[in-house]
Amino acid sequence: GGLDIFSGPPTLAAISKAFANPYAMAAGWVHYLTFDIFVGRWILFDSIKNRVFAAHSLVLANLFGPVGLLSHLITREVVCGGRPRDALTDGVCDPMSDDSLLSLV
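Draft legend 1. Up close: the environment of Ala 54. Counting through the fold element by element, Ala 54 comes out in the loop between helix H2 (22-50) and helix H3 (55-64). We classify Ala 54 as buried; its relative accessible area is 7%. Taking the C-alpha atoms as reference points, Ala 54 and Ile 43, separated by 11 residues in sequence, lie 7.2 Å from one another. Ignoring sequence-local partners within four residues, the contact set of Ala 54 consists of Ile 43, Ser 47 and His 72.

Printed below as a string of structure tokens:
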């Protein structure tokens, strides 16, 4: 069936067969969109906080997901010199900081 992708190393044929099922395709699409939205949002706010150019990373995140996240992390490392600002370590009062978000869980 559609779960053949879990019976061994995934192949393109097995993944294509799984996504032929409309429910699997809908679940996959929602997963991709969710990743793009939340990671893109994080990239945007992190780039603002650290004053890092992020347009290229946002485009890559929307097109290729994790590649955009990796692009932003590399860009931030280069621009910030290994010292990115973080709400937890810099005392920034940010309602969307990791600490604030963890308190909601």
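More follows now that the structure is in view.
Draft legend 2. Local environment of a nonpolar patch on the surface. Together, Trp 29, Tyr 32, Leu 33, Ile 37 and Phe 38 give the surface a local cluster of nonpolar side chains, amounting to about 570 Å² of exposed area. Among the structural elements, Phe 38 can be located in helix H2.

Draft legend 3. How the structure looks around the side chain of His 72. On the secondary structure map, His 72 appears in helix H4 (residues 66-80). A polar atom in the side chain of His 72 sits 2.7 Å from the side chain of Asp 46. Those residues in contact with His 72 that sit more than four places away from it in its chain are Trp 42, Ile 43, Asp 46, Ser 47, Ala 54 and Ser 57.

Draft legend 4. Summary view of H4. Helix length check: H4 (15 residues) gives 21 Å between terminal C-alpha atoms against 21 Å at 1.5 Å per residue, within 8%. Where H4 is concerned, the buried positions are Gly 68, Ser 71, His 72, Thr 75, Arg 76 and Cys 80. The buried residues of H4 occupy an angular sector of 135° when projected down its axis, which confines them to one face. Among the exposed residues of H4, those pointing more than 90 degrees away from its buried face are Pro 66 and Val 78. Of the surrounding elements, those touching the buried residues of H4 are H2 and H3.

The rules we used
- Residues numbered from 1 in each chain as written.
- Predicted model: local features only at pLDDT ≥ 70, side-chain atom pairs only at ≥ 80, totals over all residues.
- Heavy atoms only, no water.
- Helix = DSSP H or I, 4+ residues; strand = E, 2+ residues; numbered from the N terminus.
- Buried < 20%, exposed > 50% of the residue type's maximum accessible area, 1.4 Å probe, protein only.
- Contact = heavy atoms within 4.5 Å.
- Patch = residues over 30% accessible without salt bridge, like charges linked within 9 Å, V, L, I, M, F, W, Y side chains within 5 Å.
- Areas by Shrake-Rupley, 256 points an atom, 1.4 Å probe, with all protein chains shown as cover.
- Salt bridge = Lys/Arg side-chain N within 4 Å of Asp/Glu carboxyl O.
- Polar contact = N/O pair within 3.5 Å; in protein donor to acceptor, adjacent residues only side chain to side chain.
- Expected span 1.5 Å × (residues − 1).
- Arc of directions from axis to C-beta.

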